[in-house]
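Remarks on the overall topology
Chain residues, written in single-letter form:
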Amino acid sequence: MIKTTTLFEIEDRHSSGAYGKRPTALVRGDGVYVYDQNGDRFLDATAGQGVAALGHCHPAVVKAINEQAARLITSHESFYNDRRAELYALLAGIMPADLSRFFLCNSGAEANEGALKVAKLLTGRAGIVAAKRSFHGRTAGALSLTWTQKYRKPFQAWLPTVDYVAFNDIEAANMAITEATAAVVVEPVQGEGGVHPATIKYLQALRERCDQTGAMLIIDEIQTGFGRTGNWFGFQHVGIVPDIISVGKAMAGGLPMGAVCWRAAHGPIDRGTHGSTFGGNPLACAAALAAITTIRDEGLVEAARDNGEWFIDELAGLKLRGAREIRGRGLMIGIELRSRVTPALKALQEAGVLALPAGLNTLRLLPPLIISRDELTVIMSAIRAVLG
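Below is a short write-up of the structure. For clarity, every value in this text was computed on a predicted model and none was experimentally measured. (Residues numbered from 1 in each chain as written. Predicted model: local features only at pLDDT ≥ 70, side-chain atom pairs only at ≥ 80, totals over all residues. Heavy atoms only, no water.)

Another point: the packing of aromatic side chains. Working definition: an aromatic ring pair is given by the centre-to-centre distance plus the angle between the planes. Inspection of every chain in the model, using the stated rule, returns six aromatic pairs. Note on Phe 135 and Tyr 151: the rings are 5.4 Å apart at their centroids and 70 degrees apart in plane angle, and the pair reads as edge-to-face. Separated by 16 residues along the polypeptide, Phe 135 in the loop between strand E5 (127–131) and helix H6 (140–145) and Tyr 151 in helix H7 (residues 149–152) bring together distant segments of the chain. For Tyr 151, a relative accessible area of 12% corresponds to the buried category. Ring centres of Trp 147 and Tyr 164 lie 5.2 Å apart, and the angle between their planes is 65 degrees; this geometry places the pair in the edge-to-face category. Residue Trp 147 is found in the loop between H6 and H7, and its partner Tyr 164 is found in strand E6 (residues 163–165); the two are separated by 17 residues along the sequence. (Phe/Tyr/Trp six-rings, centres within 6.5 Å; stacked < 30°, edge-to-face > 60°. Helix = DSSP H or I, 4+ residues; strand = E, 2+ residues; numbered from the N terminus. Buried < 20%, exposed > 50% of the residue type's maximum accessible area, 1.4 Å probe, protein only.)

Another aspect to go through is the side chain of Gln 190. For Gln 190, the location among the structural elements is in strand E8 (residues 189–190). Under the relative-accessibility criterion, Gln 190 is labelled buried at 1%. Those residues in contact with Gln 190, other than ones at most four positions away along the chain, are Ala 131, Lys 132, Arg 133, Ser 134, Phe 167, Val 195, His 196 and Met 332. (Contact = heavy atoms within 4.5 Å.)

The next thing to look at is the sheet that holds strand E2 (residues 33–36). As summarised here, the arrangement of the four strands in space is E1-E2-E3-E15, forming an open sheet in which the pairing is mixed. Of all strands in the sheet, those bounded by a partner on one side alone are strand E1 (26–30) and strand E15 (353–354). Note that strand E3 (residues 41–44) and E15 share two bridges and pair parallel. Residue pairing across strands places Asp 44 opposite Leu 354, the latter belonging to E15. (Pairing = 2+ DSSP bridges.)

Taking 1.5 Å of rise per residue, the 15 residues of helix H13 (residues 373–387) would be expected to cover 21 Å, and the 20 Å separating its terminal C-alpha atoms lies within 8% of that figure. When we look at burial in H13, the residues that qualify are Glu 375, Leu 376, Ile 379, Met 380, Ala 382, Ile 383 and Leu 387. Along H13, the residues classed as buried sweep out an arc of 160 degrees about the axis, all on the same side. Exposed positions of H13 whose direction lies more than 90 degrees from the buried face are Asp 374 and Ala 385. (Expected span 1.5 Å × (residues − 1). Arc of directions from axis to C-beta.)

Per the counting criterion, the structure on display carries 15 salt bridges. The partner of Glu 67 in a salt bridge is Lys 63, and the shortest N-O contact between them spans 2.8 Å. A residue pair is termed a helical-turn pair when its members lie 3 or 4 positions apart in one helix, as Glu 67 and Lys 63 do in helix H3 (residues 59–69) at four residues. A relative accessible area of 48% places Glu 67 in the partly exposed class. Each of Arg 71, Asp 82, Arg 83 and Glu 86 takes part in one network of salt bridges that share partners. (Salt bridge = Lys/Arg side-chain N within 4 Å of Asp/Glu carboxyl O.)

Considering the arrangement of structural elements, one finds Trp 262 in strand E12 (residues 258–263). Separated by 16 residues in sequence, Trp 262 and Ser 246 place their C-alpha atoms 8.8 Å apart. Not counting chain neighbours up to four residues away, the residues in contact with Trp 262 comprise Asp 98, Leu 99, Ser 100, Arg 101, Phe 102, Phe 103, Val 118, Leu 122, Asp 243, Ile 244, Gly 267 and Ile 269.

With antiparallel pairing, four strands are arranged side by side in an open sheet as E13-E14-E17-E16. With partners counted over all chains shown, the strands left at the sheet margins are strand E13 (323–329) and strand E16 (356–357), one partner each. In this sheet, strand E17 (residues 362–365) lies alongside strand E14 (residues 332–337) in antiparallel orientation, the contact comprising four bridges. Bridge pairing in E17 links Gly 334 to Arg 364. Running at roughly 170 degrees to E13, helix H11 (residues 300–318) makes contact with E13, E14 and E17 of the sheet. (Axes fitted to C-alpha atoms, helices over the stretch in contact; angles between N-to-C directions.)

Here the focus is the pairing of E14. Within E14, six of the six residues are buried, leaving the element largely enclosed by the surrounding structure. Across the two faces of E14 the burial is the same, with Met 332, Gly 334 and Glu 336 and Ile 333, Ile 335 and Leu 337 all buried.

With that out of the way, let us pick up the packing of helix H12 (residues 342–350) against H13. Contact pair H12 / H13: the axes reach a minimum separation of 10 Å and the direction vectors enclose 130 degrees. Of the possible angle classes, the one that applies to H12 and H13 is oblique. Note that H12 runs across H13; the crossing there is right-handed. Contacts from Ala 344, Ala 347 and Leu 348 of H12 reach H13 at Ala 382, Ile 383, Val 386 and Leu 387. The class makeup of the residues in the contact of H12 with H13 is seven nonpolar, no polar and no charged. (Parallel < 35°, antiparallel > 145°, perpendicular 65-115°, else oblique. Left-handed = near helix turned anticlockwise from the far one by under 90°. Nonpolar A, V, L, I, M, F, W, Y, C, P; charged D, E, K, R; others polar.)

This is how it looks when you write it as structure tokens:
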């Protein structure tokens, strides 16, 4: 096995430089835990940026990948495929209303790119409205929706024009959304922006304004989808149905996958207007079938709701001196700190817990949906020690 110092040196010498790296080499995962090069164990409350909803190397996903890899790995969507058809049927079964048209791709950012194209194709319009503090990805279209200047500024001249309005501000949204608007894009819970849930009235108002103007309401469910918030999708807490949703992250149990999902009433898009070489490949479809079926059959959507409510209540009861506010939905939790988040992340890692930032001063927790209350108590004890 390669030495840790050598591993660090190789990555630092040859990697793009785009990532700030923690001085830890993760080499193995098992359930809610990951292990580094030295055999040290960490409880992973990042779930690989929200990807590992079933934890790491879930047996059902591993089995599906192994069996499909020995059968057929790739097949372009210009051919029919059994795994893909099964996945379409499964997705249609868990989606509310008539969200039953799908374009399969390889990531959440690709899903947002596709969602924008679908909205423009279906409306014939070009205007886009997005929310301040939003994060939707780093490819050109998705980046144009992302509010944070450090991500957008170097590429501003290349990006489409987007009207940004304050999150949860109904009046501002109503002013910005017009008959020239193709798409209104919003997260049901802003992740990178600090784990801020959208209010019920705000999302209902967006739905009403889009109906009035003919704009497409796109809900970005990349981080919130597949049970994370205690419903299959975050918009279901509000009682609306969007025109389009984008999904990714947890969709395929750890393999790269995303999808654009839109209402059947809007019909298909024209042939040749979008495409993907790897999108909908049988290997990713098999993994997604296993992951989504496991989430459904093991009641993990309900577990995320119940455990998330319990955990947020328990955290609030600690009255942490270092915390200004605790917020979230399901197992998507943010703790806004009274200071910068980086020292807290380092201290938690030293205590054996991996967590994420959400902006400069918010600690974000995205534990696997399979996590037990005993394991959540371990996280809580570490947080109390660091922020107490």
